[in-house]
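Descriptive structure summary
Letter by letter, the chains look like this.
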Amino acid sequence: MRISTSVLAVALGILVAIARPAYSQEEVEIPITEVPFEVLQLAQAAVPAPLTTAVVEVDPDGVLVYELSGQSEAGVRYEVDITDEGMIREVEQTIAAKEVPDAVNQALQRWVPDFQPQLIERSTRPFIEGTWYEFEGPDPRHGGELDIEIREDGQRGLIQQDL
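I will try to describe carefully the structure that is included in this document. (Residues numbered from 1 in each chain as written. Predicted model: local features only at pLDDT ≥ 70, side-chain atom pairs only at ≥ 80, totals over all residues. Heavy atoms only, no water.)

Description of the pairing of strand S6 (residues 119-124)
Across four bridges, strand S5 (residues 88-94) lies against S6 in antiparallel orientation. In the strand pairing of S6, Gln93 is matched with Arg122. Pairing of S6 with strand S7 (residues 131-138) involves six bridges; the strand directions are antiparallel. Looking at the pairing, Ile120 lines up with Phe135 of S7. Where S6 hands over to S7, the hairpin turn is made up of six residues, of which Gly130 adopts a positive phi near 80°. (Pairing = 2+ DSSP bridges. Helix = DSSP H or I, 4+ residues; strand = E, 2+ residues; numbered from the N terminus.)

See below:
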């Protein structure tokens, strides 16, 4: 039996389209009930608050990542970033300014002196050394929004402007 080249090309094209993940880094909100049970259980074990919302995206490497979040009775927000294979990439917790270590505050004031964060989070990432502190707020110099991440020792940081 001989298969024509055009039929084979169409069949391979359909297979590639089905097997290829969407590499858009677009987040899509999904019902928490659509998160695989094992993934949700692992994420829930990482935080002391019920996880009630879910967002899913495909990262640049083609890995499916769930961002699961919830809030404690005390109003503390938590977010767990976890792959579809159950690898926790990050756990974030909102915190008050008084909970930020001195070394981080000093680095923040040195790098962006007039910055007033509207959101502060403590971030633990199993594959990156140390705890990081994330700040979001208006850029006091150029307008727009700033996202700032500083390691707990104040020695490393990342500053990004959202345009």
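Considerations on the pattern of salt bridges
Counted by the stated rule, this structure contains six salt bridges. Arg122 is the salt-bridge partner of Glu99, the closest N and O atoms lying 3.4 Å from each other. Of this pair, Glu99 sits in the loop between S5 and helix H3 (102-111) while Arg122 is found in strand S6, placing the two residues 23 residues apart along the sequence. With a relative accessible area of 36%, Glu99 lands in the partly exposed category. The class for Arg122 is partly exposed, based on a relative accessible area of 21%. With its nearest N and O atoms 2.7 Å apart, the salt bridge here joins Asp153 to Arg151. Looking at Asp153, the relative accessible area reads 32%, which means it is partly exposed. When its relative accessible area of 11% is taken as the criterion, Arg151 is described as buried. Salt bridges sharing partners connect three or more residues here, namely Glu90, Arg125, Glu134 and Glu149. (Salt bridge = Lys/Arg side-chain N within 4 Å of Asp/Glu carboxyl O. Buried < 20%, exposed > 50% of the residue type's maximum accessible area, 1.4 Å probe, protein only.)

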